[in-house]
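What the coordinates show
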Protein chains: 2
Amino acid sequence: MRRSVIKDVLSTAKFGDKVLVKGWVKAFRQNRFIQLNDGSTITSLQAVVDFENTDEALIKRITTGAAVGLTGILEESQGKGQKFDLIVELIEILGDADPEEVSKTILQPKKHSLELLREQAHLRFRTNLFGAVFRVRHATSFAIHKYFNDNGYYHIATPIITGSDAEGAGEMFRVSTLDAQNPPLTKDGKIDWSEDFFGKETNLTVSGQLEAELAAMALGKVYTFGPTFRAENSNTARHLAEFWMVEPEVAFNDLTDNMDLAEDFLSYICKYVLENCADDIQFLNDREIEEDKAKPVAERNEMNLIERLNFVINNDFERLTYTQAIELLQNSAPYKKKKFKYPVEWGTDLQSEHERFLVEKHFKKPVIISDYPASFKAFYMRLNEDGKTVAAMDILFPGIGEIIGGSQREERLDVLLEKCKAFHIPADELWWYIDTRRFGTAPHAGFGLGFERMVMFTTGMANIRDVIPFPRTPKKAEF
Amino acid sequence: MRRSVIKDVLSTAKFGDKVLVKGWVKAFRQNRFIQLNDGSTITSLQAVVDFENTDEALIKRITTGAAVGLTGILEESQGKGQKFDLIVELIEILGDADPEEVSKTILQPKKHSLELLREQAHLRFRTNLFGAVFRVRHATSFAIHKYFNDNGYYHIATPIITGSDAEGAGEMFRVSTLDAQNPPLTKDGKIDWSEDFFGKETNLTVSGQLEAELAAMALGKVYTFGPTFRAENSNTARHLAEFWMVEPEVAFNDLTDNMDLAEDFLSYICKYVLENCADDIQFLNDREIEEDKAKPVAERNEMNLIERLNFVINNDFERLTYTQAIELLQNSAPYKKKKFKYPVEWGTDLQSEHERFLVEKHFKKPVIISDYPASFKAFYMRLNEDGKTVAAMDILFPGIGEIIGGSQREERLDVLLEKCKAFHIPADELWWYIDTRRFGTAPHAGFGLGFERMVMFTTGMANIRDVIPFPRTPKKAEF
């Protein structure tokens, strides 16, 4: 008999159907009721065992965590909140789970801390919470591919190993096959990188943007979706050393087009997830409400997860310039009461406390801040007419902070070369990037979305380590 | 006026519509006819300039490679093979392309070698050929995500940086932030990896399979789709140091299920690409026929690209065991005539010449070879009842060779531990992998598809460097 997936059984089977399901035992009560989960959905199927007529040795092997195959007939459930009971005719034990051993792991059915779950990341997929998180992560990911595909974008695989460290976007990881203990040396005693695998020093990419621009200047609309890396010693709930980034890049778009795209895109993702992961989102929503009850009122979420997702779908993002943001902040109560720790003045970057005030207190919705001072934004951002700001934009989400950073790119060859000089970017190493400004340059724009930050938003998880299966952070590369 | 994308114009616009299109000049003939391409489709839009009433200086700037915006009215074309002419009312030069400079690049409209195109990979997106290749690559990628999503699989991001080098699947790239020149040393003069970013020696992943298994043993059906790495000094048309791999893993599947999945999956991709990239596939098909004409008859493709794609869709793959393959080869004409260079005997791996004979000469269709000797297959493959073969499978494609390698996994704890010992795999380092066999183990199976090899098949390109935007190979990490 062919195995049926529980998600399909719950949605399409009829009373009286005979099915074979396989999965893991979540719970076994009264030697009679098995809660069976196969990962396809958060909902477990209740199976009813005729324990009087079942071999006792077999019954003993039905324990939490064991893998079993159950054949039986679907009947209308007598229990509350479930449609079916599976009346079991045949039990097959696929894999045992020794209760003594299970009790030492997070498979033990009780509440475990998120920290402990992280240490057993190989098993946490089996919990209701992480099953839901990773199903929603998948849906978030698929929504992104689908949005771009349906809107005529082409996915571009930008290189992971890069020979260019010219962008200066952050600390990088070196990639090498040289003997670390006894590397080849040049005559003057330096490491001879020409002997390395790629014939030069190479690093892990911090962004695929520059290469995506090359593709956009030919294919028109492209996006990247791949891993990027930061070798920064940041042990926060919002940073990973290895994370996935989504970077659309569009020829002929200006900054306003870029904002419109980002807003439409983020709304689409929220809508897709709500529509396609209703059960998991409901579970995560209820869990958050439950968790909040244990917190001081001031730390609780003002809106619950479902409300926040709907909020993004139903509200236009607030758009203002950096200059307007500075003015607004300087007229704010916390500024006047000297509650901000960091200065608020034109020319210095906004700090998290300022962004949170704007998003969470003042506007109470997602905010797009644009046209930042050129001095603290990347060299490739387009210089505005005023000669001191650039066509940059940051999108700030409640509870997450910056979720998107983007800009219109500097398409004018002469201005770009000036900027390289001012920012100490070696233009000769970036000859291929500069070239696109020499052969049919055109206005273009794009942005980067930190994928895991988006998954924090779609799942409500507060720590970025809990939305990627095997997080990489300083001193942690387990599994 | 809002810009229209040429693909949309060609498919949905009506005669008399006024549109604004932006793109790059492919050709400009008789000071009158512009072929404009914006990357959305291989088809350029023909625009007709009223050159008598257009400023001469402006006309001069309409050169191959320049970016322009054209506003005008769509009329029925007088030309052959195209529906529309755009009667231009307004020309905007977005970016010039100096013909003198263009003539030094591959933008020069003439035939360039694929080698030269690779050296200018930042510009080759603009050619008809690479526009087609990368649009088809995107469609191949999206087809994969869509297939798995629609069939209830969850995408799992497996780690790129790995602290485990236990799998032994190939040479690895080391990832480090230690000072290469003066690394910290332990008391006995060895590199002190505990001082490195992750507190231990780390490498780039060669496969996400082991981690995908962890997820499959909870979520049921999962897949990975991400970059993988091999630090092997292979300068062939089929090898990259950095390539993308697709690895589905399914709980409760056996080897036959695995074959069924692989066959259905590959057929789906071919069908999707044919249906969604008709223009690009036709172009690639015709190009291949044209290229073949210059080759000796023996080197030409027996089927053209479209025929090969249809062949995969319409034919069941031939399935035979390794043992049957050996017998068949030993009875073959080339074996009897001593035409094979490598020996054919039970216990030694099949070589490319043997695989090609089976696929291209004998069966003339895709072939699945299963149940290889345990001795030369990976430790995690399930040992068959005979005690000497494993439940492995390789899928061989005409012209590509091995496109998929997979197996049912060894789910029995005791057998797996024996295999680790025999293969010198340090089981203690893989504690998290072994653990899945201790807590509700179950039969499961999966495979790996080298994504770029699949794109070679869907585009007909013969060199793997021509199906990834910026190939990484020994001594090459440009762009």
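Computed from a predicted model, the values in this text were never measured in an experiment.

The sheet built from six strands is open, its strands ordered β8(A)-β10(A)-β9(A)-β9(B)-β10(B)-β8(B) with antiparallel pairing. Every interior strand has two partners, whereas the edge strands, β8 (161-162) of chain A together with β8 (161-162) of chain B, have only one. Note: strand β9 (residues 174-176) of chain A against strand β10 (residues 202-204) of chain A, two bridges, orientation antiparallel. Along β10(A), the bridge assignment pairs Arg174(A) with Asn203(A).

Residue and element names in this part refer to chain A. What helix α13 (residues 413-422) keeps buried is the set Val415, Leu416, Lys419 and Cys420. Along the axis of α13, the buried residues cluster in a sector spanning 140 degrees; they form a single face. Pointing more than 90 degrees away from the buried face of α13 are the exposed residues Asp414, Glu418, Lys421 and Ala422. Those residues of α13 that are buried are in contact with α14 (431-435). Trailing α13 by a residue or two, histidine 424 shows a phi angle of about 55 degrees, which is positive.

All right, on to helix α8 (residues 278-293) of chain A then. With 16 residues, α8(A) ought to run about 22 Å at 1.5 Å a step, and its terminal C-alpha atoms sit 23 Å apart, in line with that. Turning to α8(A), the residues buried within the fold contact α4 (114-119), α5 (128-150), α7 (255-276), α9 (305-314) and α15 (451-459) of chain A.

A few words now on the packing of aromatic side chains. Summed over all chains, the structure comprises 65 aromatic pairs over all chains. With a centroid separation of 5.8 Å and 70 degrees between ring planes, the pair formed by Phe125(A) and Phe470(A) is classed as edge-to-face. With Phe125(A) in the loop between α4 and α5 and Phe470(A) in the segment after α15, this pair connects stretches of sequence that are 345 residues apart. Here Phe125(A) matches Phe470(A) in class, with each residue buried. On the numbers, 5.5 Å between centres and 10 degrees between planes, the contact of Phe198(A) with Phe173(B) is stacked. Note that Phe198(A) is positioned in the loop between β9 and β10 and Phe173(B) in the loop between β8 and β9 (174-176), a pairing that runs across two chains. The class for Phe198(A) is buried, based on a relative accessible area of 3%.

Residues and elements named next belong to chain A. Each assigned domain of chain A is listed here: domain 1 (6-110) and domain 2 (128-171 + 206-466). For domain 1 and domain 2, the distance between their C-alpha centroids amounts to 44 Å. Of the residues lining the interface, six residues belong to domain 1; the matching set on domain 2 comes to six residues. Taking both partners together, domain 1 and domain 2 bury about 470 Å²; carbon and sulfur atoms supply 45% of that area. It is Lys26, Gly39 and Ile42 that lose the most area in domain 1 upon contact with domain 2, and together they represent 80% of the buried surface on that side. Connecting domain 1 to domain 2 are zero salt bridges.

The relation between the two copies of this chain is a rotation about an axis and a shift parallel to it. The transformation that overlays chain A on chain B combines an axial shift of 0.0 Å with a rotation of 180 degrees, and the residual RMSD is 0.0 Å. Taken together, the turn and the small shift mark the pair as related by a two-fold rotation axis. Closest approach to the rotation axis within chain A is made by the C-alpha atom of Val175(A), at a distance of 2.4 Å. Taken together, the interface assignments show that 100% of the residues at the interface of chain A recur at the interface of chain B, consistent with an identical surface on both copies.

Our focus in this paragraph is the packing of α5(A) against α15(A). Residues and elements named next belong to chain A. Axis separation between α5 and α15 bottoms out at 10 Å; the angle between their running directions is 120 degrees. Between α5 and α15, the crossing angle belongs to the class labelled oblique. Where α5 crosses over α15, the handedness of that crossing is right-handed. Between α5 and α15, the contacting residues are Val133, Val136, Arg137, Thr140, Ser141 and Ile144 on the first element and Phe451, Glu452, Met454, Val455, Thr458 and Thr459 on the second. When grouped by side-chain class, the residues that make up the contact of α5 with α15 number six nonpolar, four polar and two charged.

As a further point, take the pairing of strand β3 (residues 33-37) of chain A. As a general feature of sheets, a regular strand has side chains that alternate between the two faces. Residue and element names in this part refer to chain A. By the criterion of burial, β3 is predominantly enclosed, with five of the five residues buried. Across the two faces of β3 the burial is the same, with Phe33, Gln35 and Asn37 and Ile34 and Leu36 all buried. Where strand β2 (residues 18-29) lies against β3, five bridges are found, and the strand directions are antiparallel. By the bridge assignment, alanine 27 is partnered in β3 with glutamine 35. Between β2 and β3, which follow one another and run antiparallel, lie three residues, and glutamine 30 among them has a positive phi close to 55 degrees. Of the pairings in the sheet, the one linking β3 to strand β4 (residues 45-48) comprises four bridges and is antiparallel in character. Residue pairing across strands places glutamine 35 opposite glutamine 46, the latter belonging to β4.

Here the phi dihedral of Gln30(A) falls at roughly 55 degrees; this positive angle occurs in a residue that is not glycine. On the secondary structure map, Gln30(A) appears in the loop between β2 and β3. Positive phi is not limited to glycine here, since Lys475(B) has a value of about 70 degrees. As for its placement among the helices and strands, Lys475(B) is situated in the segment after α16 (451-459).

The final tally for this structure, using the stated rule, is 54 salt bridges over all chains. Put simply, Asp435(A) and Arg438(A) hold a salt bridge, and the shortest N to O gap is 2.5 Å. By relative accessible area, which is 9% here, Asp435(A) ends up buried. Linked by salt bridges that have partners in common, Glu101(A), Lys104(A), Asp435(B) and Arg438(B) make up one network.

Right, let's talk about the interface of chain A and chain B for a bit. Counting residues at the interface gives 116 residues for chain A, matched by 117 residues for chain B. Carbon and sulfur atoms supply 63% of the area that chain A and chain B bury against each other, a total of about 9000 Å² over both sides. On the chain A side of the contact with chain B, Phe197(A), Phe252(A) and Phe439(A) bury the most area, a combined 9% of that side's loss. At the boundary of chain A and chain B, one finds four salt bridges. Put simply, Arg438(A) and Glu101(B) hold a salt bridge, and the shortest N to O gap is 2.6 Å. Counting across the interface, chain A meets chain B through 45 residue pairs in polar contact (both at pLDDT 80 or more). Here the side of chain A that touches chain B takes 10 residues from α5(A), the largest share from any one element.

The rules behind the values
Residues numbered from 1 in each chain as written. Chains lettered and ligands numbered in written order. Predicted model: local features only at pLDDT ≥ 70, side-chain atom pairs only at ≥ 80, totals over all residues. Heavy atoms only, no water. Pairing = 2+ DSSP bridges. Helix = DSSP H or I, 4+ residues; strand = E, 2+ residues; numbered from the N terminus. Buried < 20%, exposed > 50% of the residue type's maximum accessible area, 1.4 Å probe, protein only. Arc of directions from axis to C-beta. Contact = heavy atoms within 4.5 Å. Expected span 1.5 Å × (residues − 1). Phe/Tyr/Trp six-rings, centres within 6.5 Å; stacked < 30°, edge-to-face > 60°. Domains from an automatic or database assignment. Buried area = accessible area lost by both parts, 1.4 Å probe. Salt bridge = Lys/Arg side-chain N within 4 Å of Asp/Glu carboxyl O. Least-squares fit on C-alpha atoms with pLDDT ≥ 70 in both. Axes fitted to C-alpha atoms, helices over the stretch in contact; angles between N-to-C directions. Parallel < 35°, antiparallel > 145°, perpendicular 65-115°, else oblique. Left-handed = near helix turned anticlockwise from the far one by under 90°. Nonpolar A, V, L, I, M, F, W, Y, C, P; charged D, E, K, R; others polar. Polar contact = N/O pair within 3.5 Å; in protein donor to acceptor, adjacent residues only side chain to side chain.

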